[in-house]
There are 2 protein chains.
Amino acid sequence: MRTLTEHQDAALALAAPLPPVEVGLADALGLVAAQDVVADAPLPRWDNSAMDGFAVRAADVEPASPDTPVTLRVLDDAPAGAPSSATVEPGTAIRIMTGAPLPAGADAVVPVEQTDAVFPQVTPTVRIRAGVPRAMHVRRAGEDARPGDVVVARGTLIGAPQVGAVASVGRDRLSVHRRPRVAVVATGDELVAPGEPPAHGQLPDSNSWLLAAAVREAGADPVRLGPLPDDPDALLGALARLDDDPTIDAVVTSGGVSAGAFDVVKAALAGTGVEFVAVAVQPGKPQGLGRLPAGTPLFALPGNPVSVYTSFEVFVRPALLRMRGVDVADVRRTEVVATTDDGWRSPAGRAQLMPVRFVAPDRVRRATDGGSGSHLATRLALVEGLAVVPADVDEVAAGDVLRVLRVRT
Amino acid sequence: MRTLTEHQDAALALAAPLPPVEVGLADALGLVAAQDVVADAPLPRWDNSAMDGFAVRAADVEPASPDTPVTLRVLDDAPAGAPSSATVEPGTAIRIMTGAPLPAGADAVVPVEQTDAVFPQVTPTVRIRAGVPRAMHVRRAGEDARPGDVVVARGTLIGAPQVGAVASVGRDRLSVHRRPRVAVVATGDELVAPGEPPAHGQLPDSNSWLLAAAVREAGADPVRLGPLPDDPDALLGALARLDDDPTIDAVVTSGGVSAGAFDVVKAALAGTGVEFVAVAVQPGKPQGLGRLPAGTPLFALPGNPVSVYTSFEVFVRPALLRMRGVDVADVRRTEVVATTDDGWRSPAGRAQLMPVRFVAPDRVRRATDGGSGSHLATRLALVEGLAVVPADVDEVAAGDVLRVLRVRT
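Rules used throughout
- Residues numbered from 1 in each chain as written.
- Chains lettered and ligands numbered in written order.
- Predicted model: local features only at pLDDT ≥ 70, side-chain atom pairs only at ≥ 80, totals over all residues.
- Heavy atoms only, no water.
- Helix = DSSP H or I, 4+ residues; strand = E, 2+ residues; numbered from the N terminus.
- Rg over C-alpha atoms; globule rule 2.2 N^0.38 Å.
- Buried < 20%, exposed > 50% of the residue type's maximum accessible area, 1.4 Å probe, protein only.
- Pairing = 2+ DSSP bridges.
- Contact = heavy atoms within 4.5 Å.
- Buried area = accessible area lost by both parts, 1.4 Å probe.
- Salt bridge = Lys/Arg side-chain N within 4 Å of Asp/Glu carboxyl O.
- Polar contact = N/O pair within 3.5 Å; in protein donor to acceptor, adjacent residues only side chain to side chain.
- Nonpolar A, V, L, I, M, F, W, Y, C, P; charged D, E, K, R; others polar.
- UniProt positions renumbered as here; feature names shortened; annotations may be inferred.
- Least-squares fit on C-alpha atoms with pLDDT ≥ 70 in both.
- Domains from an automatic or database assignment.
- Axes fitted to C-alpha atoms, helices over the stretch in contact; angles between N-to-C directions.

A. Representation of the overall build of chain A. Helix and strand counts for chain A stand at seven helices and 27 strands. Whereas a compact globule of 409 residues would reach a radius of gyration of roughly 22 Å, chain A reaches 31 Å, over 25% beyond that. Along the three orthogonal principal directions, the C-alpha set of chain A runs to about 95 × 50 × 40 Å. Across the 409 residues in chain A, those meeting the buried criterion constitute 56%.

In structure tokens, the structure reads:
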């Protein structure tokens, strides 16, 4: 049997960052920079005021104090966006607003609070009640970024601060790795669409819905196909169409991979580039993995809802993050160490992925609240983490310390 | 001056969960359940097989062992989705696949591995090599959920496991709180769109882009307006149109709230339902907050990029999560305790929100790498947390332990 880690490595090996595309700022969120975003001009472009107040020559106001104010003649206004072209000569000042370029001749800014001015009133003179050293309240050109500075490095996940940083250097487009488009397919003659009344022996298809949502949570675009019957030819046809579709970057199936007489995914793909293996993990022992003929990565997961979920988490999600351009070191869920409040059995010789919820930042208990069957779909609704029980452990006791993958952030 | 906590409370008080709407499963991800989702039938609906194998009467196979196998006549096939209507009589078995309803007469399942059968071959008899107790490998009807069980509780954020759970009880729609639609407006005569060359004194509008992305990261839909000039009438007109638009749930502005002569947001809204206050926090001291005449909540943030970002994080984001229906206890960022690797000054009498990055799970240093000005837009690109320095601390030293809001998950 393949170990959990071996199969994780094999799954990740199917993935590579997708080609770069250029997108506008409005479409960059959640994607990964494919190239460095570099400042091509200093930021700020010009020395500018950090305060609302008066641009002055520091030497003029040096003796100023509340008792001995210095009076300066106000030459001009410099609101942000309408810089003054006047020059501050000895004995003069220019009214200036935060962000406005520092006028020629000025070398410091006195905040309005240290003057007798009452904005927005305009007065011909201003009394300065405190001296300021040279450069005070002046933001220097290039203080934020110099030309050539990397503002957002290749490989960075674009969040709001990164969008702001790219805009601040005057760029409205950037190069990112394309968002993966992932087809999800549930198989099984017994499946009906949710909302349709199931006949005897039928049940609603929940796996394709769970997988589509999980694909979206992993930052990729899902393409959900309706459930496919246990007919190898129909499945092969559907997979061939997906494989030939250049917009589909990966396919995830659920069901049909174990030892049954009607295991359609295994039957359809046996002898192709897809390998069916037993992985030493519970749930999720039967797994298929490989490439369809035209090269599309295929992840064939088992069909029980809990197995689908845990298999997606540990095998598929890291691969999708890698396709998005996330660094290999960052594709896994954050792992925390937690003490369990309850105990359970774990199969000897297989690692176990136990859905848990957090009762404290470092304490968990089973999300499934007693039941541990991989068919317990509704119990998954409480999952916040997956406790990883090592293969050589066959019993977990209350008080044991476990590694837990945090799946709900 | 208002404390940080007081202003946080005032901002959150503007928000209430938006009205419920019914959405299809494909649109539920990231929204919050407005009503309990309740199972209306047992799940599983029927006793069914947990294994691929043979449905038997346990009493028949009780004496079976590898040396003394029991031979049963195979009556029928029961693949999932096509249940057998035959009855297992003494001395007989029905071939059954995982998930298929247990046929009448049977009370246990023998896995194929404990027989001489080789799926998918069909044989008239099967040799059973091991006994199984009654109920073995049988999933009981209602084991996952009983009618009336709450599958997803009101107030739950819908993630992939919840989508799966709702589908598994046969529902294709659910009631969720509507996703907020939030207008973001940057003000300032000096602003040009990113991508347009700035004239002397102009700079690219990065705030509206940062805010739009932050709104989306907070699970709401942004409506980004181009930068507005420092003209109170134009601003009032734009705000009135947003206030009258029933699809707009909140408005966030940046800039124009401090003491300058051209502070347009303050000038336009002074004396209305929007209050302009000084908050004892750095950055982000000048803040506006209130309701536009028709009742739309307005968050008027200062204009420096770092102030915009930190103000959004602590004042606006919790309110948007509350509008989505998130419990008040969960609207704040997760707080961790971390030791800082570097030190800096903090203003006396004001709390400080310092952008930091994590160098280890419990160690941070300043994201701005030395610079601490609230205009350092590009340095924000490294932010992973906001260290909260209390108001009574005026200096942070390397080795100090700080509360850190984790902003990048």
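Further notes follow.
B. Examining the pairing of strand β5 (residues 70-78) of chain B more closely. All names here are of chain B. In this sheet, strand β8 (residues 125-128) lies alongside β5 in antiparallel orientation, the contact comprising four bridges. In the sheet register, Arg 73 faces β8, and the bridge partner there is Thr 125. Pairing of β5 with strand β6 (residues 92-96) involves five bridges; the strand directions are parallel. Residue Asp 76 lies in a different strand from β6, and its bridge partner there is Ile 94.

C. Highlighting the interface of chain A and chain B. On the chain B side, the residues contacting the 76 residues of chain A number 77 residues. Across the interface of chain A and chain B, roughly 6100 Å² is buried in total on both sides, 64% from carbon and sulfur atoms. Applying the counting rule to chain A against chain B returns zero salt bridges. For the pair chain A and chain B, the interface holds 18 residue pairs in polar contact (both at pLDDT 80 or more). Contributing elements (two or more residues each) for the side of chain A that touches chain B: β10 (150-152), α3 (160-168) and α4 (207-217) of chain A. Among the elements that take part in the side of chain A that touches chain B, α3(A) stands out by supplying eight residues, more than any other. Looking at the side of chain A that touches chain B residue by residue, the classes come out as 40 nonpolar, 18 polar and 18 charged.

D. Layout of the UniProt feature "domain: MoaB/Mog" (unreviewed entry) in chain A. Here, UniProt's "domain: MoaB/Mog" (unreviewed entry) annotation points to residues 183-322 of chain A. End C-alpha to end C-alpha, residues 183-322 of chain A measures 17 Å, and it is 34% helix and 25% strand.

E. Focus on the relation of the copies chain A and chain B. Once chain A has been moved 0.0 Å along the axis and rotated by 180 degrees, it coincides with chain B to within an RMSD of 0.0 Å. Here the copies are linked by what is in effect a two-fold axis. Rotation axis and chain A: the residue whose C-alpha lies nearest the axis is Thr409(A), separated from it by 3.3 Å. Both copies contact each other with a shared surface, as 100% of the interface residues of chain A are interface residues in chain B too.

F. Layout of the domain arrangement of chain A. By domain assignment, chain A separates into domain 1 (4-18 + 179-330), domain 2 (22-41 + 150-176), domain 3 (48-139) and domain 4 (335-406). Its C-alpha centre places domain 3 of chain A at a distance of 65 Å from the equivalent point of domain 4 of chain A.

G. View of α3(A). Taken across its nine residues, α3(A) has nine buried, putting it largely inside the fold. For α3(A), every residue scored as buried is listed here: Ala160(A), Pro161(A), Gln162(A), Val163(A), Gly164(A), Ala165(A), Val166(A), Ala167(A) and Ser168(A). Residues of α3(A) that are buried in the fold lie against β2 (37-38), β10 and β11 (173-177) of chain A together with β14 (203-204), α4 (207-217) and α7 (305-323) of chain B. Just downstream of α3(A), Gly170(A) is the residue with a positive phi angle, here 80 degrees.

H. Representation of the sheet that holds strand β12 (residues 181-186) of chain B. Residue and element names in this part refer to chain B. Overall, mixed pairing links the six strands, which are arranged β15-β12-β16-β20-β19-β17 in an open sheet. Because the sheet does not close on itself, it has two edges, and the strands there are β15 (221-224) and β17 (274-278). Along the sheet, successive strands turn relative to each other by an average axial angle of 20 degrees, direction set aside. Sheet topology note: the β12/β15 ladder contains four bridges and is parallel. In the strand pairing of β15, Val 182 is matched with Pro 222. Packing against the sheet, helix α5 (residues 232-244) makes contact with β12, β16 (250-254) and β20 (297-301), and its axis sits at approximately 155 degrees to β16. Lying over the sheet, α7 contacts β12, β16, β19 (286-291) and β20, oriented at roughly 165 degrees with respect to β20.

I. Molecular detail of the side chain of Asp107(B). All names here are of chain B. Mapped onto the elements, Asp 107 comes out in the loop between β6 and β7 (108-111). For Asp 107, a relative accessible area of 18% gives the class buried. A distance of 2.7 Å separates the side chain of Asp 107 from the backbone nitrogen of Ala 58, its partner in a polar contact. Discounting chain neighbours no more than four positions away, the residues touching Asp 107 are Val 56, Arg 57, Ala 58, Leu 102, Arg 134, Ala 135, Met 136 and Val 138.

J. Inspection of unusual backbone geometry at higher detail. Phe119(A) connects to Pro120(A) through a cis peptide bond whose omega is 5 degrees. Of the consecutive residues Gln282(A) and Pro283(A), the connecting peptide bond is found in the cis state with omega at -5 degrees. One can find Pro283(A) in the loop between β18 (281-282) and β19 (286-291). Backbone geometry at Ala135(B) places phi at a positive 75 degrees, although glycine is not the residue there. The residue Ala135(B) is located in the loop between β8 and β9 (138-139) in this model. Positioned with a positive phi, His137(B) is a non-glycine residue whose angle comes to about 60 degrees. The residue His137(B) is located in the loop between β8 and β9 in this model.

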